[in-house]
Amino acid sequence: MGDHDELPFVGNVNQDEFVYPWTVIIKKPCTSDLGNDRNYVEECGMGLHSKLVLGHGFTHIKVHPLWNQQDHSLSFFVRFKKDLSGFHYATSLAKSFELNGRGKKDWFGEGEKTSRLYGWMAVEDDYMTEGVIGEYLHQLGKLQTVAGILYEEVMEKNRILKKIECMYNETSLRFSNQMDKNDRLERKHSDELREMQQEHDEMKSALDTQRKELEFCRSELEKHKAEIETVKK
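Residues numbered from 1 in each chain as written. Predicted model: local features only at pLDDT ≥ 70, side-chain atom pairs only at ≥ 80, totals over all residues. Heavy atoms only, no water.

1. As for the sheet that holds strand 4 (residues 73-79)
Turning to step 1, where the next piece is worked out: Reading across from one edge, 3-4-2-5 is the order of the four strands in this open sheet, with antiparallel pairing throughout. Two strands lie at the open edges of the sheet, namely strand 3 (62-68) and strand 5 (118-121), each paired on one side alone. Neighbouring strand axes in the sheet, compared pairwise and without regard to direction, differ in orientation by 20° on average.
Turning to step 2, where the next piece is worked out: Of the pairings in the sheet, the one linking strand 2 (residues 23-29) to strand 4 comprises seven bridges and is antiparallel in character. (Pairing = 2+ DSSP bridges. Helix = DSSP H or I, 4+ residues; strand = E, 2+ residues; numbered from the N terminus. Axes fitted to C-alpha atoms, helices over the stretch in contact; angles between N-to-C directions.)

2. Remarks on the pairing of strand 5
Turning to step 1, where the next piece is worked out: On strand 5, burial covers both faces: Tyr118 and Trp120 on one face and Gly119 and Met121 on the other are all buried.
Turning to step 2, where the next piece is worked out: In terms of strand pairing, strand 2 meets strand 5 through four bridges, oriented antiparallel. Across the sheet, the residue bridging to isoleucine 26 is glycine 119, located in strand 5. (Buried < 20%, exposed > 50% of the residue type's maximum accessible area, 1.4 Å probe, protein only.)

3. Observations regarding unusual backbone geometry
Turning to step 1, where the next piece is worked out: For the bond running from tyrosine 20 to proline 21, omega is 10°, close enough to zero to count as cis.
Turning to step 2, where the next piece is worked out: Residue position: proline 21 is located in the loop between strand 1 (18-20) and strand 2.
Turning to step 3, where the next piece is worked out: Non-glycine residue histidine 60 carries a positive phi angle of around 55°.
Turning to step 4, where the next piece is worked out: By the element assignment, histidine 60 lies in the loop between helix 1 (38-55) and strand 3.
Turning to step 5, where the next piece is worked out: The exposed category is assigned to histidine 60, whose relative accessible area is 57%.

4. Here's the deal with the environment of asparagine 100
Turning to step 1, where the next piece is worked out: With respect to the secondary-structure elements, asparagine 100 resides in the loop between helix 2 (84-99) and helix 3 (104-108).
Turning to step 2, where the next piece is worked out: The exposed category is assigned to asparagine 100, whose relative accessible area is 52%.
Turning to step 3, where the next piece is worked out: Separated by 18 residues in the primary sequence, asparagine 100 and tyrosine 118 have C-alpha atoms spaced 9.3 Å apart.

5. Let's talk about the pairing of strand 4
Turning to step 1, where the next piece is worked out: Counting buried positions over the seven residues of strand 4 gives six, a clear majority of the element.
Turning to step 2, where the next piece is worked out: Pairing analysis gives seven bridges linking strand 3 to strand 4, with the strands arranged antiparallel. The residue bridging proline 65 from the neighbouring strand is phenylalanine 76, located in strand 4.

6. Here's the deal with the packing of aromatic side chains
Turning to step 1, where the next piece is worked out: The final tally for this structure, using the stated rule, is nine aromatic pairs.
Turning to step 2, where the next piece is worked out: Relative to tryptophan 22, the ring of tyrosine 20 has its centre 4.9 Å away and its plane inclined at 75°; by these criteria the two rings are edge-to-face.
Turning to step 3, where the next piece is worked out: An angle of 70° between the planes, with centres 4.8 Å apart, marks the rings of tryptophan 22 and phenylalanine 87 as edge-to-face. Of this pair, tryptophan 22 sits in the loop between strand 1 and strand 2 while phenylalanine 87 sits in helix 2; the two residues are 65 residues apart in sequence, bridging distant segments of the chain. Across the pair, exposure class does not vary: tryptophan 22 and phenylalanine 87 are buried alike. (Phe/Tyr/Trp six-rings, centres within 6.5 Å; stacked < 30°, edge-to-face > 60°.)

See the structure below:
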């Protein structure tokens with residue numbers, strides 16, 4: 001696997017709608033009736049999962065195989081993690097198919113299909129198509145943009161940050177009051193004070209961590225906005 005600081009997918013990743021959770025559709029031509037054998041279909045799914053994990057280093061993925069009677073092919077839906085790393089790995093896998101002449105255009109082209117695998121990133125037209133693929137993608141998730149996901153992450157981090165800040169302020173006040181009380185009572189409750197000190201430190205650590213994660217999300221969003229401006233130019 002290579003460095004994933006740069007998103008490899010061609011196009012406006014912030015405005016294009018992808019199936020979310022990020023999903024790559026992989027197709028395999030099947031001229032026999034083996035596709036009607038559920039055990040065969042499941043075995044193919046497990047085989048592809050092992051190949052992607054052990055052979056190509058993709059982790060945290062789920063593979064769901066389906067037999068497509070319409071075009072006599074096996075359809076594999078490879079789901080990735082919902083974060084930006086998952087988006088990177090999904091687009092990297094889709095790009096590798098495209099570069100090898102086995103992308104979406106090649107699958108739907110008029111040329112003869114080989115027995116090898118074809119694949120592409122699941123996007124809006126796949127989601128809206130009739131048949132097995134569209135039906136499963138509707139069950140799987142929804143259409144979403146990368147910018148939309150980043151925005152949701154920032155909003156969620158803000159919510160968590162405010163919650164921790166509130167808890168931190170409450171803990172700080174209780175800690176301060178307890179200190180005064182302990183001073184007046186000649187530190188009668190020293191054990192309780194130590195516990196509250198620990199709680200205070202843990203809350204502070206959690207607050208610092210959430211602030212760093214929020215700043216990272218904001219940085220990612222700004223980077224994607226800059227990519228949009230670069231593409232427009």
